[in-house]
Amino acid sequence: MMNYRLLIAIGLLFNTQLATSQQLTLKGKIRCMNPTPSTTKGAENIIVVPGYAPSLATFTASFPTGYFEINTGMPFSKLEDKVVSLHAISKCKDCKETTKRVFISADQFLQKQNETKRYVTVKDWLLKSTCQQVELSEKQVDSIITVVMKQSDRDLDHVTAASALTATPAFLNLLTSLTTVVGVGGIANVHYHIKQLGAGKIRYGNFMHASPMYHSANTGFNFSPGRDMSEAVFWNPSAIALSKQKGNMSLLSNAKNIGKLSGFIKANDKLSIGAGFIFSTQDEFRKGYFESSNSDRNEDSMLMKVNEYTGMLSAAYKVNSKLGIGLGAKYMMQSFNIPDSLFCDNLGFGTFIYQQIKLGNFDIDFSATYKANQSLQFGLNLMNILGSKLHSDAFIPYQYAKPWQQQRAAGLGVLYKYRRFNAGADALINEAGLYDLSVGANFVPFTNALISAGFTAKQMSYSLAFRLKHFRIAYINDNGLMVQEKRVGNHKLLNGRVFGGFVVDLD
């Protein structure tokens, strides 16, 4: 009797292991109206794509019509209790039934299974349009599926058990673009010109104002730096003349869209010189509206990019033990694309044509630092005195009134020292008034270590940094100021917010 029960237990264990190791296959049938809602048939040449894995894209068959089958190549245990999103690509740009979400669970499996596969059936998938308006041509299928299968799959090792297996924003944008351009249907070689841009998220020409307030491990201390001189070259070079360091080299970057490299050295007791470089890059998917001589299009989604850089040379002079003055010469560069037109070929594929806008400005800063006593220090930096301007938004070609952002601004800082503890506050004022106010604190817990924290009043950004001798790591949250939609990280908490780098002081 015991042997019989043992055999049953082993058999159940074997069957369970076999079930969880069998590869999961998704199958189903897509239907379309033929030609009225009361009669339907299987829709041929419809591309079906799992959102999480574009490389598994397939298309519906002619026999049986509308049938598709996708072998995920993964065991059931990997996909159990997840929602898989499937997308249908057709000629119908107005169909709302192009996405199906399938919950994977053991109760969906058919009773009769072979030894290698398990099937989940996608039911009731109807595109509510006539088959003539839905079905792609064979040439279109071949062209589109080649593009789709080249897209990157999601890394399922970074997806939690409760997550839905959805497409990345970049792939969703591609799906939107493909559906739109294929939806032209039968119109060959049409050239559309841009007539209007939709609203965007990127704040063009804003990075040099934002950098000392929102993207710094020294928040609250940049316009009156004392203990940490790593960004003094940019925001108050006059403070270098009063610092105890003979030189400094520093780097801070999130290795994604922001980076700062700077350094200074004292030529003698009175004169110091420094140099630095700052870069930022942003991108977003933005709506555009195009027209031709014969027709207008519905909105299209385009990838917009902007890069902003600043190179800086600084000099500081020590007037006396309490006063230092500084002069900075900088060159600011801005580069971004604007849409010009959209060309649709005879297969229904669209190609966006862009123009590249490049702008460069030379300007100067004047700064001063005053030590009232051993505990209290004040700083001032008058930035971009020559009145440089950068574009404040993208625009369309031949637009008469282009948007501009005045770069002239003033930074005010105050520093209070009390033994191991320092407190600071910075205010940035531009042509619109108070840009923002930041406060910060730092503390020396032991030799060669520094803990820093800061917060801004308007943007509600914050930073927390730890420095151990030459190495520094920081968590900097700008509260969504920088935009990066093409390459979105898997972990929102860490997406571009972890900064690393070094600080080397010459004593």
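Here, the structure is the one placed above.
Notes on the structure in this doc start here.

Conventions and cut-offs
Residues numbered from 1 in each chain as written. Predicted model: local features only at pLDDT ≥ 70, side-chain atom pairs only at ≥ 80, totals over all residues. Heavy atoms only, no water. Helix = DSSP H or I, 4+ residues; strand = E, 2+ residues; numbered from the N terminus. Buried < 20%, exposed > 50% of the residue type's maximum accessible area, 1.4 Å probe, protein only. Contact = heavy atoms within 4.5 Å. Areas by Shrake-Rupley, 256 points an atom, 1.4 Å probe, with all protein chains shown as cover. Disulfide = S-S within 2.5 Å. Polar contact = N/O pair within 3.5 Å; in protein donor to acceptor, adjacent residues only side chain to side chain. Salt bridge = Lys/Arg side-chain N within 4 Å of Asp/Glu carboxyl O. Core = buried A, V, L, I, M, F, W, Y, C linked by side-chain atoms within 4.5 Å.

## Examining the overall build of the chain
- For the chain, the helix and strand inventory stands at eight helices and 26 strands.
- Out of the 507 residues belonging to the chain, those deemed buried represent 48%.
- Of the contacts made within the chain by residues no fewer than 6 positions apart, 63% connect residues no fewer than 24 positions apart.
- Surface summary for the chain: the accessible area is close to 24,300 Å², and the carbon and sulfur share equals 58%.

## Describing the state of the cysteines
- The full count for this structure, using the stated rule, is two disulfides.
- Disulfide pairing is shown between C32 and C131; the S-S distance is 1.9 Å. Because the sign of the S-S torsion sets the handedness, a value of about 100° for the bond joining C32 and C131 places this disulfide among the right-handed ones. Highlighted residues: C32 in strand 1 (residues 23-33) and C131 in helix 3 (residues 131-134), separated in sequence by 99 residues. When sorted by exposure, C32 lands in the same class as C131, which is buried.
- Here the cysteine-cysteine linkages of the chain are recorded as 1-4, 2-3, numbering only bonded cysteines and doing so in sequence order.

## Focus: the side chain of Q334
- Along the chain, Q334 falls in strand 15 (residues 323-344).
- Of the polar contacts made by the side chain of Q334, one reaches the side chain of E308; its length is 2.9 Å.
- Q334 has contacts with Y204, G205, V306, N307, E308, I357, K358, L359, L390 and H391, leaving out every residue within four places of it along the chain.

## Details of the pattern of salt bridges
- Taken as a whole, this structure holds nine salt bridges when the rule is applied.
- Between D365 and K330 there is a salt bridge, with its nearest N and O atoms 3.0 Å apart. On the criterion of sequence distance, the pair formed by D365 in strand 16 (residues 350-371) and K330 in strand 15 is long-range, its members being 35 residues apart.
- Assessed through its relative accessible area of 1%, D365 is described here as buried.
- Within this structure, K41, E44 and E135 form a network of salt bridges that share partners.

## Overview of the nonpolar core
- Judged by nonpolar contacts, the single largest core of 32 residues is most densely connected at W235, I240 and L428.
- Broken down by secondary-structure element, the contributors of at least two residues to this core are helix 6 (207-214), helix 7 (232-235), helix 8 (238-242), strand 12 (258-266), strand 14 (300-318) and strand 25 (471-477).
- Sorting elements by how many residues they give to this core places helix 6 first, with five residues.
- Setting aside residues no more than four positions away along its own chain, I240 makes contact with M229, A232, V233, F264, K266, S272 and A316.

## So, the environment of E138
- When you line up the elements, E138 lands in helix 4 (residues 138-149).
- Residues E138 and I46, 92 residues apart in the sequence, show an inter-C-alpha distance of 9.8 Å.

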